[in-house]
Amino acid sequence: MFYFPRTVHAYTDLLDYFIDRGAAIKRGGVVAINQPPEQMDLRAPFSLDTQGKKRLDTSYEYLRTYRSFSGRWSGSHAYAEEFSTVGAVPFAAFDEKLSGSLAGGYRHDWRDWQAMNVQEKIDVKETRDINSFGAGAYLNYGKLAKSGVSLLKVPYQDSPQVPIELEISPVEYVSFGYRHWYRNIDWNVQIHLSGRDGQIPVRYAEQNDDLYLVGRYKELLYGKLTVDAHERGNRSVEGKLTLPDTLYLTGGYDRRESTFDQPFFVANQPGGYLRGTFKHEGYRVGVGAALSPRWSAEFNYLHKTLDSVGGGIASSAAVVDFWPSLLVGNYNHLYAAQVKTDQYHATVSYVGERWSGDLGLQYIDIWPMARLDYWRSVLFGLGQTGADSLELDTDRIQLMFLGLGLGYTFDNFKVGYSMGQMIPIGAHERTAEQSGGGGSGGGSDSASDYWDNVVKFFDRNPGGLIHRLTVSIIF
């Protein structure tokens, strides 16, 4: 499922929802349809196919999502790092009727983010190091079937995770498959508010079972339909059609809905809970062309919608003594949030005998909405007080994402470097429009005004930068 975000952490959630990571960074943040994996990944056992060769893949990714040097939120920042290495060796048995590879690897995830409000003495932060180890195997049963399985040891899970992939091809152009995979979240958010310390530990591993149908006809037609084995409403479809004159069409649709139910703590005491739902829906259409044997170009339009509703209760017993808390009551809240995006993407690629290069650009138009209603129950819960509502004032954000990459191949050695930069163009506020003025960047009409806003933003809040380095040794 190409739309739903990968495992992400805190502040990088938003960035990952708008752009695809990994090999897609160099393309401008939109993944290529029906392309083989760039490197092996134990979380996707089919990627462990080494095609009869020994292989060692290593990758490093660094994200500087946000950094504020001055202003109201001075000291706020968000960084993340990902490092992984996977090695595999091939094997064959039964006169090579059964072949495959055995693999082992290590993965390190680190993040450090902090949001500070000096005036109101609010400090929210998290720093985590996660080290994961694993092993896996890929098996190929000729043209009939293939399978893969991994065993991953994740620190915050008591039992190992076991991603599984299986695909059967009863006829030449049609395959049926099954995939068992995980979505992992491990946060340990620390909060300092009004002189008190709180903690929200979020450790969650969602297990997913997908069934899919793939159709391929030579290099002319590709299509894939995936459905959730438990929630049939969760599904995705993607396809690619080759046209005359070296043109091709691509497209896809994705829908997924999930729920969460998360307790939190204040001063190491139960402080309440958060409950809600997430619903994602998106589609994509694109056209590409092989400009020459070495050059190609692709254009895409994407539309995505993310909705979330929920609420919760914060227990006053966590912040006041027991008997006063019976009178003060609990703090209640309900929220509704939505993010809609229109994304326009273009990329150009070059593939030579040794050198390769990619350049991608994406314009992202974001329409956010969020509302929070809150109140406090009093007198043993029989009444309420302090009711109020908050609504997000920013109703439009415009961004650019620039990606580029270089690769070099020499005999059995491949190295690649990719970078991506999120560039803010402008934002619009409802209250500014209602009062007759323009929002930050939203009321500017000239190119110079937009550029001034970009320069000012980076002076105050440099970030949105991704570096990715990959090395593969195949022999």
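### Thoughts on the overall build of the chain
Then step 1. A tally of helices and strands in the chain yields four helices and 19 strands.
Then step 2. Taken across its 475 residues, the chain has 42% of its residues classed as buried.
Then step 3. For the chain, contacts bridging at least 24 residues in sequence account for 61% of all contacts bridging at least 6.

### Observations regarding unusual backbone geometry
Then step 1. The phi dihedral of Asp 95 is positive, around 55 degrees, even though this residue is not glycine.
Then step 2. Look at Asp 95 and you get exposed, because its relative accessible area is 75%.
Then step 3. With a phi close to 60 degrees, Thr 246 is a non-glycine residue in the positive phi region.
Then step 4. Of note, Thr 246 is situated in the loop between β10 (235–242) and β11 (247–266).
Then step 5. For Thr 246, a relative accessible area of 47% puts it in the partly exposed group.

### Description of the pairing of strand β9 (residues 221–228)
Then step 1. The pairing of β9 with β10 spans seven bridges and is antiparallel. Bridge pairing in β10 links Thr 226 to Ser 236.
Then step 2. Counting the residues between successive antiparallel strands, the hairpin from β9 to β10 contains six residues.

### Some remarks on the environment of Val 86
Then step 1. Topologically, Val 86 is positioned in strand β2 (residues 77–93).
Then step 2. Sequence-wise, Val 86 and Arg 107 are 21 residues apart; in three dimensions their C-alpha atoms are separated by 8.6 Å.

### Notes on a nonpolar patch on the surface
Then step 1. On the surface, Tyr 173, Tyr 217, Leu 220, Leu 221, Leu 241, Leu 247, Leu 249, Val 287 and Phe 299 cluster together into a nonpolar patch covering about 750 Å² of accessible area.
Then step 2. Inspection of the secondary structure assignment puts Leu 220 in the loop between β8 (196–217) and β9.

### Looking at the pattern of salt bridges
Then step 1. Applying the stated criterion across every chain yields a total of 20 salt bridges.
Then step 2. Salt-bridge contacts for Asp 365 lead to Arg 396; the nearest nitrogen and oxygen are separated by 2.7 Å. Remark: Arg 396 occurs in strand β17 (residues 394–410) and Asp 365 occurs in strand β15 (residues 355–378); sequence separation between them is 31 residues.
Then step 3. Among the residues examined, Asp 365 registers a relative accessible area of 7% and is labelled buried.
Then step 4. Each member of the salt-bridge network shares a partner with another, and the members are Arg 21, Lys 26, Glu 38, Glu 61, Glu 82, Arg 107, Asp 109 and Arg 468.

About the thresholds
Residues numbered from 1 in each chain as written. Predicted model: local features only at pLDDT ≥ 70, side-chain atom pairs only at ≥ 80, totals over all residues. Heavy atoms only, no water. Helix = DSSP H or I, 4+ residues; strand = E, 2+ residues; numbered from the N terminus. Buried < 20%, exposed > 50% of the residue type's maximum accessible area, 1.4 Å probe, protein only. Contact = heavy atoms within 4.5 Å. Pairing = 2+ DSSP bridges. Patch = residues over 30% accessible without salt bridge, like charges linked within 9 Å, V, L, I, M, F, W, Y side chains within 5 Å. Areas by Shrake-Rupley, 256 points an atom, 1.4 Å probe, with all protein chains shown as cover. Salt bridge = Lys/Arg side-chain N within 4 Å of Asp/Glu carboxyl O.

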